[in-house]
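Understanding the architecture of this molecule
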Amino acid sequence: MGPHPAVAAIRLAVRRVLHDVLTDHAPDRAPDRALGTPPGAPLVLVACSGGADSMALASALAFEAPKLGIRAGGVTVDHGLQSGSDLRAGEVVLRLTELGLGPAEAIAVTVGRDGGPEAAARDARYTALDAAAERHGAAAVLLGHTRDDQAETVLLGLARGSGTRSLSGMAAVSGGPGADRRYRRPFLHLDRQTARKACMVQSLPVWDDPHNADPAYTRSRLRHEGLPALEKALGKGVVEALARTAQLSRDDADALDAWAGRAEASVRDAAGLLECAKLYALPPAVRRRILRRAAIEAGAPAGSLFARHIEEIDRLITGWRGQGAINLPGKVVAQRQGGRLVIRQG
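The notes below deal with the structure included here. (Residues numbered from 1 in each chain as written. Predicted model: local features only at pLDDT ≥ 70, side-chain atom pairs only at ≥ 80, totals over all residues. Heavy atoms only, no water.)

With that settled, the discussion passes to the packing of helix α2 (residues 52–64) against helix α7 (residues 192–201). Running from N to C, α2 and α7 cross one another at 60°; their axes reach a closest spacing of 8 Å. One finds that α2 runs oblique with respect to α7. In the packing of α2 onto α7, the handedness of the crossing is left-handed. Where α2 approaches α7, its residues Ala52, Asp53, Met55 and Ala56 are matched on the opposing element by Arg192, Ala195, Arg196, Ala198 and Cys199. (Axes fitted to C-alpha atoms, helices over the stretch in contact; angles between N-to-C directions. Helix = DSSP H or I, 4+ residues; strand = E, 2+ residues; numbered from the N terminus. Parallel < 35°, antiparallel > 145°, perpendicular 65-115°, else oblique. Left-handed = near helix turned anticlockwise from the far one by under 90°. Contact = heavy atoms within 4.5 Å.)

The subject of this paragraph is the packing of helix α11 (residues 284–297) against helix α12 (residues 307–318). Two elements in contact, α11 and α12, have axes separated by 10 Å at closest approach and are oriented at 115°. Considering the relative orientation of α11 and α12, their crossing is right-handed. Two secondary-structure elements touch here, α11 through Arg287, Arg288, Leu291, Arg292 and Ala295 and α12 through Ile310, Ile313, Asp314, Ile317 and Thr318. Its residues assigned to classes, the contact of α11 with α12 shows five nonpolar, one polar and four charged. (Nonpolar A, V, L, I, M, F, W, Y, C, P; charged D, E, K, R; others polar.)

Applying the stated criterion to the full structure yields one aromatic pair. Geometrically, the ring pair formed by Tyr126 and Tyr183 is edge-to-face, given 5.2 Å between the ring centres and 90° between the ring planes. Of this pair, Tyr126 sits in helix α4 (residues 117–136) while Tyr183 sits in strand β6 (residues 179–184), and the two are 57 residues apart along the sequence. Here the guanidinium or amino end of Arg11 rests over the ring plane of Phe63, the centre of that ring lying 3.5 Å away. (Phe/Tyr/Trp six-rings, centres within 6.5 Å; stacked < 30°, edge-to-face > 60°. Lys NZ or Arg CZ within 6 Å of the ring centre and 35° of its normal.)

Before going further, it helps to examine the pairing of strand β3 (residues 104–108). Taking every second residue as pointing to the same face, the buried face of β3 carries Glu105 and Ile107, while none of Ala104, Ala106 and Ala108 on the other face is buried. The pairing of strand β2 (residues 71–78) with β3 spans five bridges and is classified as parallel. Note that in β3 the partner of Val75 across the bridge is Glu105. Taken together, β2, helix α3 (residues 85–98) and β3 constitute a β-α-β crossover, and its handedness is right-handed. (Buried < 20%, exposed > 50% of the residue type's maximum accessible area, 1.4 Å probe, protein only. Pairing = 2+ DSSP bridges. Right-handed = clockwise from strand over helix to strand, strands pointing away.)

What follows deals with the sheet that holds strand β8 (residues 326–328). With respect to topology, four strands assemble into an open sheet ordered β7-β10-β9-β8, the strand pairing being antiparallel. Every interior strand has two partners, whereas the edge strands, β7 (274–275) and β8, have only one. As paired strands, strand β9 (residues 332–337) and strand β10 (residues 340–345) are joined by six bridges and run antiparallel to one another. The partner of Val332 across the bridge, within β10, is Gln345. Across the sheet, α11 lies against β7, β8, β9 and β10, angled at about 35° from β10, the strand it touches most.

Pasting the structure below:
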């Protein structure tokens, strides 16, 4: 008799991602079940909070990695936002070790205030995960985001009005500093209940973060109030539809980004300045991508650069009436000078 369907689903999802990691790490090496974990085998880490999603992911990684000759470890990040968080982090490390994962470590971080509490915690977490991946030489870091998380991310992007890229949600594969394919999200096609069921049937202890039910946090309100209201009004299937929207939007955004990348050189003069007339001739979706990229290159933080900022810059191209310079996040200034668009530190 095989494993429970929920366990089989999470293991299959992880197995597929590990095959991809092997292909990226050593494209000429086929997985060999007889290898065990040979010297030089790639290391894959799981980011584990102790919640159901990441504990299910850790268990599947511990089961699948040895069969493919992959070393498997785990990292938990202690944000220090709740009393006793250091003790819970130690408990998670113990659980990871009991699953057979190694290295297994807890990393304490200091959460700042930039961008609000959720964004600040996320930034601190990814900084810690990037550092751990570099320190251990990990080929990949697995994250436990589910289809439900993806749906929430799409709705948050829709509320911000940030365009197609924001609606594309989380990528199945994304990068860190100097590592374009570091982060892998095997569960984006699985729902949250599948992960929780997998933990239950394997008797894996899980910790439910009280922040996930705290209405002070936007995502929590969306999870417990917004999505249920949408399902009540529109019927079941909203989460699945939003996840499909994310993938379709990502495909469109990738194509437009590629177009903008090719077009950018053609709208710069010999000195590298953006020519307004040539920018005006481009489709708005392509032009605004070029403007956004130029603002980020000048020092504007990507996470603080919103659609309204890009629209203001765009009006220097499409609605020029002699208006003055535009102040952007990161002390960046955009202004039109002699038919050229100048974006620089103010």
